[in-house]
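Remarks on the overall topology
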Amino acid sequence: MKRTGTRAYSPSERILEVTHIPLKYLSRYPTLARTPHPTAYSKSEIMFIALLCVALAGYAIAVPTNDIRPLVVWHGLGDTYASRGLIQFESEVKKLHPGIFVHSVYIDRDVEEDKRATFYGNVNAQIDLVAEQLGSIPELGRGFDAIGFSQGGQFLRGYVERYNDPPVYNLITFGSQHMGISDIPPCRSLDFLCEIARRAAKAGVYSEWAQEHLVQAQYFRDPNQLGLYMTLNSFLADINNELMLPAARNVTYANNLASLENLILVLFAQDKTVIPKESAWFGSEAPLEEFDTLSTQSDGQRPLGKPQRAGARTIVPMKLQPLYVEDYIGLRRLDERGTITLQTCPGEHMHLTGCWEDLARKWVGGPF
């Protein structure tokens with residue numbers, strides 16, 4: 001039966017309808033403006049229409065829908081990738097940078113297991129897992145900016161040094177333990193999971209079991225047992241290239257870290273959780289017997305900074321660390337290029353109120 005009220009359109013008409021060919025082309029090809037009919041077009045006109053369709057389709061594919069660099073966030077000890085605080089943080093970042101893609105790193109989709117993994121697990125295996133995770137997300141394919149909260153900061157640095165594919169552009173770390181901790185942080189009241197891990201770590205921090213299973217032990221750096229640390233520590237000593245044999249240092253780590261556009265290191269002024277808090281700026285405690293030797297360099301180099309006393313402790317600043325002076329991990333290259341920024345937040349550990357917005361506005365969500 002023949003339908004009434006509906007006209008059958010020719011293939012050429014449908015091409016015109018889809019492509020919305022401008023009037024300037026209709027004036028150039030007058031037959032296109034006539035009432036369409038399958039036999040009304042020459043071969044050259046049909047070819048023109050086909051080529052125009054291809055060109056417009058190519059243009060649509062070539063123009064990116066979102067040219068904002070995405071953000072990857074790695075949470076800290078006792079937190080999860082889907083905690084209320086982290087979800088709120090992601091929401092605020094999206095208000096600052098409309099259209100930004102944000103991915104929160106997880107070790108396990110189960111939030112309780114993800115929290116447990118911040119205390120128990122092998123950090124090297126976790127970084128391997130995260131590298132695979134990030135590489136499987138299409139939105140991150142061209143690279144991303146990254147924010148690490150507390151221990152998540154040195155874990156992200158480990159990713160940059162060992163993988164960096166897809167690459168990190170700007171890395172911001174908040175209260176991270178880049179030069180480790182010299183004491184295990186205290187636990188919150190009634191946090192039994194934390195307390196069990198803390199006691200186990202303090203009992204045998206450099207034991208094989210602790211270095212395989214206790215996360216905090218894997219970035220414990222005892223200034224009075226640096227030999228043990230360099231020999232037995234399974235994670236931090238490696239990503240810091242603080243190894244007993246200089247030939248064992250990994251040059252790729254230095255090259256990858258130096259490839260960052262910016263490294264932003266944030267210290268919390270009232271931090272009582274990270275000991276020493278200056279670890280966030282690559283500072284560390286010095287053994288008392290070594291304090292006097294820090295003011296001169298055996299190779300005749302002029303000192304790059306002065307040791308600072310913090311109460312009963314002596315803090316060795318970043319520019320006096322051997323890993324900076326000899327550039328084990330690319331820090332000195334970054335600094336001499338002017339791409340390391342040291343920032344201070346006024347509160348206690350991970351008190352971000354009024355502190356993070358300007359940093360995220362400046363170093364997150366830039367164009368590719």
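The structure we're discussing is the one just above.
Now for a quick tour of the structure. (Residues numbered from 1 in each chain as written. Predicted model: local features only at pLDDT ≥ 70, side-chain atom pairs only at ≥ 80, totals over all residues. Heavy atoms only, no water.)

In this section: the overall build of the chain. Within the chain, the regular secondary structure consists of 15 helices and nine strands. Within the chain, buried positions represent 49% of all 368 residues. Taking contacts inside the chain between residues at least 6 apart in sequence as the whole, the part at least 24 apart equals 71%. Surface exposure of the chain reaches about 18800 Å², of which carbon and sulfur atoms provide 56%. (Helix = DSSP H or I, 4+ residues; strand = E, 2+ residues; numbered from the N terminus. Buried < 20%, exposed > 50% of the residue type's maximum accessible area, 1.4 Å probe, protein only. Contact = heavy atoms within 4.5 Å. Areas by Shrake-Rupley, 256 points an atom, 1.4 Å probe, with all protein chains shown as cover.)

Right, let's talk about a nonpolar patch on the surface for a bit. There is a patch of nonpolar side chains on the surface, built from Leu190, Phe192 and Ile196 and spanning about 380 Å² of accessible area. Residue class for leucine 190 comes out exposed when judged on its relative accessible area of 68%. (Patch = residues over 30% accessible without salt bridge, like charges linked within 9 Å, V, L, I, M, F, W, Y side chains within 5 Å. Salt bridge = Lys/Arg side-chain N within 4 Å of Asp/Glu carboxyl O.)

Turning to the state of the cysteines, a few remarks are in order. Inspection of the entire model under this criterion finds one disulfide. At a sulfur-sulfur separation of 1.5 Å, the disulfide partner of cysteine 345 is cysteine 355. Between cysteine 345 and cysteine 355 the disulfide shows an S-S torsion of about -60 degrees. By sign, it is left-handed. One end of the pair, cysteine 345, is in strand E9 (residues 340–345); the other, cysteine 355, is in the loop between E9 and helix H15 (357–363), with ten residues separating them in the sequence. (Disulfide = S-S within 2.5 Å.)

The end-to-end C-alpha separation of helix H4 (residues 84–96) is 19 Å, in line with the 18 Å expected for 13 residues at 1.5 Å each. Buried within H4 we find Leu86, Phe89, Glu90 and Val93. Mapping the buried residues of H4 onto a view down its axis gives an arc of 100 degrees, with all of them on the same face. Facing away from the buried surface of H4 by more than 90 degrees, the exposed residues are Arg84 and Lys95. (Expected span 1.5 Å × (residues − 1). Arc of directions from axis to C-beta.)

So, on to the side chain of histidine 75. Turning to its location among the elements, histidine 75 is positioned in the loop between strand E1 (71–74) and H4. From its side chain, histidine 75 meets the backbone nitrogen of tyrosine 81 in a polar contact 3.4 Å long. Polar contacts involving the side chain of histidine 75 include one to the side chain of aspartate 114, which spans 2.9 Å. (Polar contact = N/O pair within 3.5 Å; in protein donor to acceptor, adjacent residues only side chain to side chain.)

What follows covers the sheet that holds strand E5 (residues 262–268). Taken in spatial order, the six strands line up as E2-E1-E3-E4-E5-E9 in an open sheet, and their pairing is parallel. Two strands bound the open sheet, and with one partner strand each, they are strand E2 (102–104) and E9. On average, adjacent strands in this sheet sit at an angle of 15 degrees to one another, irrespective of strand direction. Here four bridges tie E1 to strand E3 (residues 144–149), and the two strands are oriented parallel to one another. (Pairing = 2+ DSSP bridges. Axes fitted to C-alpha atoms, helices over the stretch in contact; angles between N-to-C directions.)

Now for the pairing of E3. Buried residues dominate E3, accounting for six of its six residues. Side chains Phe144, Ala146 and Gly148 of E3 all project onto a buried face; the interleaved residues Asp145, Ile147 and Phe149 project onto the opposite face, where all are buried too. When E3 meets strand E4 (residues 168–174), the two strands line up parallel, connected through five bridges. Among the inter-strand pairings, phenylalanine 149 is bridged to a residue of E4, identified as phenylalanine 174.

Attention shifts here to the pattern of salt bridges. As enumerated under the stated definition, the model contains twelve salt bridges in all. Between arginine 249 and glutamate 326 there is a salt bridge, with its nearest N and O atoms 4.0 Å apart. Highlighted residues: arginine 249 in the loop between helix H11 (236–239) and helix H12 (251–258) and glutamate 326 in the loop between helix H13 (322–325) and helix H14 (331–336), separated in sequence by 77 residues. Residue classification places arginine 249 among the partly exposed positions, given a relative accessible area of 21%. Linking aspartate 335 and lysine 319 is a salt bridge whose minimum nitrogen-to-oxygen distance equals 3.4 Å. In this pair, aspartate 335 sits in helix H14 while lysine 319 sits in the loop between strand E8 (313–316) and H13, placing the two residues 16 residues apart along the sequence. Overall, aspartate 335 belongs to the buried group, its relative accessible area being 18%. By sharing partners, the salt bridges in this structure join Arg69, Asp145 and Glu261 into a single network.

This paragraph deals with the packing of aromatic side chains. One pass over the structure, following the stated rule, counts eleven aromatic pairs. With 6.1 Å between their ring centres and 75 degrees between their planes, tyrosine 169 and phenylalanine 368 make a pair best called edge-to-face. Of this pair, tyrosine 169 sits in strand E4 while phenylalanine 368 sits in the segment after H15; the two residues are 199 residues apart in sequence, bridging distant segments of the chain. Look at tyrosine 206 and phenylalanine 220: their rings are 6.1 Å apart centre to centre, the planes differ by 70 degrees, and that puts the pair in the edge-to-face class. (Phe/Tyr/Trp six-rings, centres within 6.5 Å; stacked < 30°, edge-to-face > 60°.)

Attention now moves to the environment of phenylalanine 119. Secondary-structure assignment places phenylalanine 119 in the loop between helix H5 (111–116) and helix H6 (123–135). Phenylalanine 119 sits 78 residues away from alanine 197 along the chain, and the two C-alpha atoms are 6.5 Å apart. When residues no more than four places from it in sequence are discounted, the contact partners of phenylalanine 119 are Leu77, Gly78, Asp191, Leu193, Cys194, Ala197, His213, Leu214, Val215 and Gln216.

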